[in-house]
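# Structural description and commentary
Residues per chain, in single letters:
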Amino acid sequence: MAESKSLRIAYGEALAELGAENDKIVVLDADLSNATMTNRFSAVYPDRFLISASPRPTWPARPRALPTRG
């Protein structure tokens, strides 16, 4: 039988695995990496892990700004 794990742990592990497969994957976080388990990605790929302390209403614009910023 497969091991059962929480969705957030599976999410963090999957992000880290995808990061190994594709160097264009970046993770945006709102300082919740311990709760969302994105800290697994940040430990391996700190240069592709971005934390934003900006207000939530501005978050939808963040991914659109990445291509213009590099």
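Presented here is a report on the structure given in the accompanying data block.

### Quick word on unusual backbone geometry
Here the phi dihedral of Met37 falls at roughly 65°; this positive angle occurs in a residue that is not glycine. Residue placement: Met37 occurs in the loop between helix H2 (33–36) and helix H3 (39–44).

### A short note on the packing of aromatic side chains
A full pass over the atoms with the stated rule returns 1 aromatic pair. Ring centres of Phe41 and Tyr45 lie 5.1 Å apart, and the angle between their planes is 50°; on these two criteria the pair is classed as tilted. Residue Phe41 is classed as buried on the basis of its relative accessible area, which comes to 0%. We note Arg48 situated over the ring of Tyr45; from NZ or CZ to the ring centre the distance is 4.2 Å.

### Here we look at the side chain of Arg48
Here Arg48 shows up in the loop between H3 and strand S2 (49–51). Buried and unpaired, Arg48 has no salt bridge, with Asp47 as the nearest side chain of opposite charge at 4.6 Å. Residue contacts for Arg48: discarding those within four places in its chain leaves Gly19, Asn22, Asp23, Lys24, Ile25, Val26, Val27 and Phe41.

Analysis parameters
Residues numbered from 1 in each chain as written. Predicted model: local features only at pLDDT ≥ 70, side-chain atom pairs only at ≥ 80, totals over all residues. Heavy atoms only, no water. Helix = DSSP H or I, 4+ residues; strand = E, 2+ residues; numbered from the N terminus. Phe/Tyr/Trp six-rings, centres within 6.5 Å; stacked < 30°, edge-to-face > 60°. Buried < 20%, exposed > 50% of the residue type's maximum accessible area, 1.4 Å probe, protein only. Lys NZ or Arg CZ within 6 Å of the ring centre and 35° of its normal. Lys, Arg positive; Asp, Glu negative; His and termini not counted. Salt bridge = Lys/Arg side-chain N within 4 Å of Asp/Glu carboxyl O. Contact = heavy atoms within 4.5 Å.

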